[in-house]
Amino acid sequence: MPEINPLAIAQQQLDMAAEKLNLDPGVHAILREPMRTLEVNFPVKMDDGTVKVFKGYRAQHNDAIGPAKGGIRFHQSVNMDEVKALSMWMTFKCGVLGLPYGGGKGGVVVDPRTLSQSELERLSRAYFAAISSIIGPDKDIPAPDVNTNPQIMAWMMDEYSKYSGGVCHPGVVTGKPIIAGGSLGRSEATGRGCVIIIREAAKRLGLSLKGATAAIQGFGNVGGATARLLAKEGVKIVAIMEIDGGIYNPDGINPEDVLEYRKKAGTINGYPGCREIGNEELFALGCDILVPAAMENQITKENAGQIKAKLVAEAANGPTTPEADEILSKNGIMLTPDILTNAGGVTVSYFEWVQNFMNYYWTEEEVNSRLEQKMVEAFERIYQMSQDYQVNMRVAAYMASISRVAEAIKVRGWA
Ligand code: GLU
């Protein structure tokens with residue numbers, strides 16, 4: 001299969017919405033590429049005393065509305081075009097939710113499973129030091145993404161304080177541990193937001209969540225929380241797919257139990273009462289809700305035709321290619337796009353950042369209810385737009401978001 005370039009996909013998605021909006025060509029050209037990118041190669045001392053040089057990136061797509069915002073991923077397949085695409089998606093994600101940010105994204109080419117905890121700490125600090133000249137609480141604010149977590153954010157915040165005269169700037173990263181200025185509710189915010197969007201979409205489809213069935217591809221921070229919270233709504237989780245294999249049980253799987261099982265076994269494979277399942281079979285299951293919560297380019301023109309779900313909710317960034325989008329639309333499958341579905345994470349990151357600046361912290365209930373309000377509003381806005389313009393939810397989300405960024409670009413006088 002030829003490699004699918006996520007940047008080309010992000011640009012294609014932008015072009016499609018730009019055409020529908022009759023977007024100013026200058027603004028369109030500005031949005032097709034990130035405004036700033038940085039590639040860094042930095043040394044890390046390994047436990048055996050040798051020095052290894054790692055490659056990292058940071059892309060800042062746009063800052064017309066506010067500072068760049070977006071995660072940092074540690075993954076062996078990270079590359080500049082992927083990071084650029086992910087930074088574009090962050091601009092549009094923040095636009096969909098009406099957050100005062102532009103988009104950013106970073107990554108390091110590394111499989112973190114090959115590192116010890118102290119190597120992971122040295123790598124996290126060295127990467128942050130290498131990109132620190134373009135980072136700051138009012139310039140660009142990183143957060144967790146694939147394979148990064150609150151502990152890593154704490155190291156990065158600590159590293160940053162060394163480059164700012166020892167001043168502690170908790171607002172330089174979000175997704176921190178609570179004790180280091182994190183927000184209650186942040187760790188499960190992306191999953192919580194996904195479930196809110198699934199619930200709203202299901203209402204429009206006339207699908208009751210009680211007794212509905214779902215398959216989840218990816219069981220990390222996002223997939224795990226989504227599965228757990230969906231089960232609480234009465235959804236029967238029939239299949240879960242992880243990097244090293246998948247499990248299936250038509251009678252339903254208890255995600256909470258699977259999380260416990262994995263803590264001990266190190267894998268979800270072998271979870272009692274289930275049979276093994278592969279990716280393609282999971283996609284083709286006759287269940288109501290399919291949640292891709294892993295990586296980019298999972299739903300392609302090769303497998304989209306097999307999908308029988310009524311609703312595809314993109315918990316991952318960029319899981320569906322444009323050709324697959326068209327196939328799903330033609331087959332009458334509703335898709336809620338990544339830049340809406342998984343926006344709960346960056347929304348609570350925004351709340352964390354606001355709390356850091358106020359130095360006053362909200363209760364978990366307050367965070368969750370603000371998240372609920374923002375996600376429902378965004379869903380309604382995008383759904384209405386898709387009805388008014390007779391376009392799918394992705395195009396509607398892009399149109400809503402691009403109009404907002406375009407207005408900011410124009411009013412500031414860039415184009
Ligand atoms: N990495 C997450 C995303 O892709 C969160 C970004 C953030 O919180 O800034 O949306």
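Residues numbered from 1 in each chain as written. Predicted model: local features only at pLDDT ≥ 70, side-chain atom pairs only at ≥ 80, totals over all residues. Heavy atoms only, no water.

Undergrad: So what exactly am I meant to see when it comes to the overall build of the protein chain here?
TA: A count of helices and strands for the protein chain gives 14 helices and 12 strands. Taken over the C-alpha trace, the protein chain has a radius of gyration of 20 Å; the compact-globule value for 415 residues is 22 Å, and the two agree within 12%. Its C-alpha atoms give the protein chain principal-axis dimensions of roughly 55 × 55 × 45 Å. Put simply, the protein chain has 415 residues, and 59% of those count as buried. (Helix = DSSP H or I, 4+ residues; strand = E, 2+ residues; numbered from the N terminus. Rg over C-alpha atoms; globule rule 2.2 N^0.38 Å. Buried < 20%, exposed > 50% of the residue type's maximum accessible area, 1.4 Å probe, protein only.)

Undergrad: Sorry if this is basic, but what is going on with the layout of surface pockets here?
TA: To locate leftover empty space, one rolls a probe as large as a water molecule over the atoms. Quantified by volume, the second largest pocket comes out at close to 290 Å³. What lines the second largest pocket is a set of 17 residues, among which Ile333, Met334, Val391, Asn392 and Met393 lie closest to the centre. For the lining of the second largest pocket, the secondary-structure elements that each account for two or more residues are helix H6 (189–205), helix H10 (322–330), strand E12 (334–336), helix H13 (364–389) and helix H14 (393–412). (1 Å grid on protein atoms, 1.4 Å probe; cavity = no way out; pocket = protein on both sides within 12 Å on 5 of 7 lines; lining within 4 Å. Points joined across faces, edges and corners; volume = space filled by probe spheres on them.)

Undergrad: Looking at this structure, I do not really get the side chain of Glu82. What am I missing?
TA: Here Glu82 shows up in helix H3 (residues 80–97). With sequence-adjacent residues up to four places away left out, Glu82 is seen in contact with Pro6, Arg73, Ser77, Met295 and Glu296. (Contact = heavy atoms within 4.5 Å.)

Undergrad: So what exactly am I meant to see when it comes to the site of the ligand here?
TA: Around the ligand there are 14 residues in total, and Lys69, Lys93, Pro144, Asp145 and Ser349 lie nearest to it. A distance of 2.8 Å separates an oxygen atom of the ligand from a polar side-chain atom of Lys69. The separation between an oxygen atom of the ligand and a polar side-chain atom of Ser349 is 2.6 Å. Starting from 300 Å² of accessible surface for the ligand in isolation, the protein chains cover 94%. Residues belonging to the shell around the ligand are distributed by class as follows: 4 nonpolar, 5 polar and 5 charged. (Near = heavy atom within 4 Å. Polar contact = N/O pair within 3.5 Å; in protein donor to acceptor, adjacent residues only side chain to side chain. Areas by Shrake-Rupley, 256 points an atom, 1.4 Å probe, with all protein chains shown as cover. Nonpolar A, V, L, I, M, F, W, Y, C, P; charged D, E, K, R; others polar.)

Undergrad: Got a minute to help me understand helix H7 (residues 221–232) in this structure?
TA: Every α-helical turn comprises 3.6 residues, leaving residues that sit three or four positions apart pointing alike. In this model H7 runs 17 Å from its N-terminal to its C-terminal C-alpha over 12 residues, within 8% of the 16 Å that 1.5 Å per residue would give. By the criterion of burial, H7 is predominantly enclosed, with 9 of the 12 residues buried. Inspection of H7 places Val222, Gly223, Gly224, Ala225, Thr226, Ala227, Arg228, Leu229 and Leu230 among the buried residues, and these make up the whole buried set. For H7, the secondary structure elements touched by its buried residues are H6, strand E6 (213–217), strand E7 (236–242), helix H8 (255–265) and strand E10 (289–292). (Expected span 1.5 Å × (residues − 1).)

Undergrad: It is not clear to me how the sheet that holds E10 should be interpreted in this structure. Could you clarify?
TA: The pairing of strands in a sheet happens through backbone hydrogen bonds and is either parallel or antiparallel. An order of E9-E8-E7-E6-E10-E11-E12 is seen for the 7 strands of this open sheet, with the pairing classed as mixed. Looking along the sheet, the strands with just one partner apiece sit at the ends: strand E9 (275–277) and E12. Pairwise comparison of adjacent strand axes, ignoring direction, gives a mean angle of 20 degrees for this sheet. Bridging between E6 and E10 involves 4 bridges; their strand directions are parallel. Counted as the bridge partner of Ile216 is Val291 from E10. (Pairing = 2+ DSSP bridges. Axes fitted to C-alpha atoms, helices over the stretch in contact; angles between N-to-C directions.)

Undergrad: So what exactly am I meant to see when it comes to the pairing of strand E3 (residues 68–75) here?
TA: In the case of a regular strand, side chains alternate between the two sheet surfaces. The buried fraction of E3 is high, at 8 of 8 residues. Here 6 bridges tie E3 to strand E4 (residues 102–109), and the two strands are oriented parallel to one another. Within E4, the residue paired with Ile72 across the bridge is Gly106. Tracing the backbone out of E3, into H3 and back to the parallel element E4 gives a crossover that is right-handed. The sheet contact formed by E3 and strand E5 (residues 140–144) spans 5 bridges and is parallel. (Right-handed = clockwise from strand over helix to strand, strands pointing away.)

Undergrad: Please clarify how the nonpolar core should be interpreted in this entry.
TA: Most often, soluble globular proteins have nonpolar side chains that are buried together. Within the largest apolar cluster, 86 residues are counted, with the highest numbers of intra-cluster contacts made by Leu230 and Ile289. With 12 residues, H14 is the single largest residue contributor to this core. Among residues more than four places away in sequence, those in contact with Leu230 are Val195, Ile198, Ala214, Ile216, Val235, Ile237 and Val291. Residues Leu120, Ile131, Ile152 and Met156 belong to the second largest nonpolar core, which totals 27 residues. (Core = buried A, V, L, I, M, F, W, Y, C linked by side-chain atoms within 4.5 Å.)

Undergrad: So what exactly am I meant to see when it comes to the pattern of salt bridges here?
TA: Close approach of charged atoms allows side chains with opposite charge to pair. Applying the stated criterion across every chain yields a total of 31 salt bridges. The shortest N-O distance in the salt bridge between Arg32 and Asp15 comes to 2.9 Å. Here Asp15 lies in helix H1 (residues 6–21) and Arg32 lies in helix H2 (residues 25–32), a separation of 17 residues in the sequence. With a closest N to O distance of 2.7 Å, Arg58 and Asp140 form a salt bridge. With a gap of 82 residues between them, Arg58 in strand E2 (residues 51–60) and Asp140 in strand E5 connect regions that are remote in the sequence. Asp140 matches Arg58 in its accessibility class, with the two residues each being buried. Members of the salt-bridge network, linked through shared partners, are Arg73, Glu82, Lys105, Asp145 and Glu296. (Salt bridge = Lys/Arg side-chain N within 4 Å of Asp/Glu carboxyl O.)

Undergrad: What is the right way to read the packing of helix H12 (residues 344–358) against H13 from this model?
TA: The packing of two helices is summarised by the inter-axis angle and the distance between the axes. Look at H12 against H13: their axes get within 10 Å of each other, and the N-to-C directions meet at 130 degrees. The orientation of H12 with respect to H13, classified from their angle, is oblique. Remark: the crossing between H12 and H13 carries right-handed chirality. Contact residues: Gly344, Thr347, Val348, Phe351 and Gln355 in H12; Val367, Arg370, Leu371, Lys374 and Met375 in H13. For the contact of H12 with H13, the class distribution of residues is 5 nonpolar, 3 polar and 2 charged. (Parallel < 35°, antiparallel > 145°, perpendicular 65-115°, else oblique. Left-handed = near helix turned anticlockwise from the far one by under 90°.)

Undergrad: Would you mind showing me how to read the packing of aromatic side chains here?
TA: The geometry of two aromatic rings is summed up by the distance between their centres and the angle between their planes. In this structure the tally under the stated criterion is 12 aromatic pairs. Taking the centre distance of 5.8 Å and the plane angle of 90 degrees together, the rings of Tyr101 and Tyr350 count as edge-to-face. Placement of Tyr101 in the loop between H3 and E4 and of Tyr350 in helix H12 is noted, with a sequence separation of 249 residues between them. Taken together, the ring pairs in this structure connect Tyr101, Tyr350, Phe351, Trp353, Phe357 and Trp362 into an aromatic cluster. Above the ring of Tyr383, the side-chain terminus of Arg204 is found at 5.1 Å from the ring centroid. (Phe/Tyr/Trp six-rings, centres within 6.5 Å; stacked < 30°, edge-to-face > 60°. Lys NZ or Arg CZ within 6 Å of the ring centre and 35° of its normal.)

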